[in-house]
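# Topology and contacts: notes
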Amino acid sequence: MATSRGGNGSGGGAGARILGYLESRKNLAGCAGGLAGLTLTVTGVAGTFWPLVVAGLYGAGALIAPPEVAALPPVPDAAEELGTLRADFARLRQYLAEVELTPAAGGRLTELMDLYGAMLDPGWVADVLVGDAETVHALSRGIRQDVPECVDSYNRTRWWTRLTPGGDPPERHLERQLSALRDEAERMTASLRETEARRQQTHTTYLEGRRES
């Protein structure tokens, strides 16, 4: 059954490629050239070499045809991206709930996750975040890459340290990493506050100017 499906899929793929070429610019331009060759044949210009003329003009038309332009990939909507990021954040919380950390590292992680959660809260903060692609990228990187990598690296290093004690304690590196991420998150929240404050000031200026006009 698997062989039969594979054969059908291969045939369907070949058929799709053939159909795609028939509809391509190269084939259409080649057909136009071949039609010109047939016209020369009917008028007697091509003579006995008409097959070569038709084939040559088809090939020339296909060669000079402009290349196919691939469609641009769809750009995800900012609000949709935030919704996906919230789901990833919820999964990260579930993962972290099962991880054993030292009190110091656990405290830093809690502070960091609280900041992430505040920025992703579907309220006014998220509304500001929609228009800040740079902050969304940094927040996504922290949730999807930085925090999982920090915790996973800590767990792996701690396991080796138990077998061969010595060197820098892995929890110290984790605390430093989480502190750096927390500082970054605090800068992001400060930037969002400034953005909202500027928007409020701009609206105040607009209303006062409208009153005076």
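For the structure, see preceding data.
For the structure given in this document, a descriptive report is provided here. (Residues numbered from 1 in each chain as written. Predicted model: local features only at pLDDT ≥ 70, side-chain atom pairs only at ≥ 80, totals over all residues. Heavy atoms only, no water.)

### Observations regarding the pattern of salt bridges
This model, assessed by the stated rule, comprises 9 salt bridges. One salt bridge in this structure joins D183 and R182, with 3.9 Å as the shortest N-O distance. Judged by relative accessible area, which is 34%, D183 ranks as partly exposed. A salt bridge links E196 to R199; the shortest N-O distance between them is 2.8 Å. Taken together, the residues E196 and R199, both in helix α8 (residues 170–212) and 3 residues apart, mark about one turn of the helix. Look at E196 and you get partly exposed, because its relative accessible area is 24%. (Salt bridge = Lys/Arg side-chain N within 4 Å of Asp/Glu carboxyl O. Buried < 20%, exposed > 50% of the residue type's maximum accessible area, 1.4 Å probe, protein only. Helix = DSSP H or I, 4+ residues; strand = E, 2+ residues; numbered from the N terminus.)

### Here's the deal with a nonpolar patch on the surface
Together, L35, L38 and W50 make up an exposed nonpolar region whose accessible area comes to about 310 Å². Looking at the element boundaries, L38 is found in helix α2 (residues 25–42). L38 sits in the partly exposed class, given a relative accessible area of 41%. (Patch = residues over 30% accessible without salt bridge, like charges linked within 9 Å, V, L, I, M, F, W, Y side chains within 5 Å. Areas by Shrake-Rupley, 256 points an atom, 1.4 Å probe, with all protein chains shown as cover.)

### Concerning the nonpolar core
Residues Y116, L139, I143 and V147 are the most contacted members of the largest nonpolar core, which totals 29 residues. Breaking this core down by element, the ones donating at least two residues are α4 (78–97), α5 (103–120), α6 (124–130), α7 (133–163) and α8. Per-element tally for this core: the top contributor is α7, with 8 residues. In this view, Y116 contacts F89, L139, G142, I143, V147, L181, A185 and M188; residues no more than four positions away in its chain are not counted. (Core = buried A, V, L, I, M, F, W, Y, C linked by side-chain atoms within 4.5 Å. Contact = heavy atoms within 4.5 Å.)

### A few points about the side chain of S140
By secondary structure assignment, the location of S140 is in helix α7. Under the relative-accessibility criterion, S140 is labelled buried at 12%. Here S140 is in contact with E81, L85 and Q145, once residues within four sequence places are set aside.

### Here we look at the packing of α5 against α8
The relative placement of two packed helices comes down to the angle between their axes together with the axis-to-axis distance. Running from N to C, α5 and α8 point in directions that differ by 25°, and their axes come no closer than 9 Å. Classed by the angle they form, the pair α5 and α8 counts as roughly parallel. Crossing geometry of α5 relative to α8 is assigned as left-handed. For the pair α5 and α8, the contacting residues are A104, A105, R108, L109, E111, L112, L115, Y116 and M119 in the first and L174, E175, L178, S179, L181, R182, A185, E186, M188, T189 and L192 in the second. A per-class count over the contact of α5 with α8 returns 13 nonpolar, 2 polar and 5 charged. (Axes fitted to C-alpha atoms, helices over the stretch in contact; angles between N-to-C directions. Parallel < 35°, antiparallel > 145°, perpendicular 65-115°, else oblique. Left-handed = near helix turned anticlockwise from the far one by under 90°. Nonpolar A, V, L, I, M, F, W, Y, C, P; charged D, E, K, R; others polar.)

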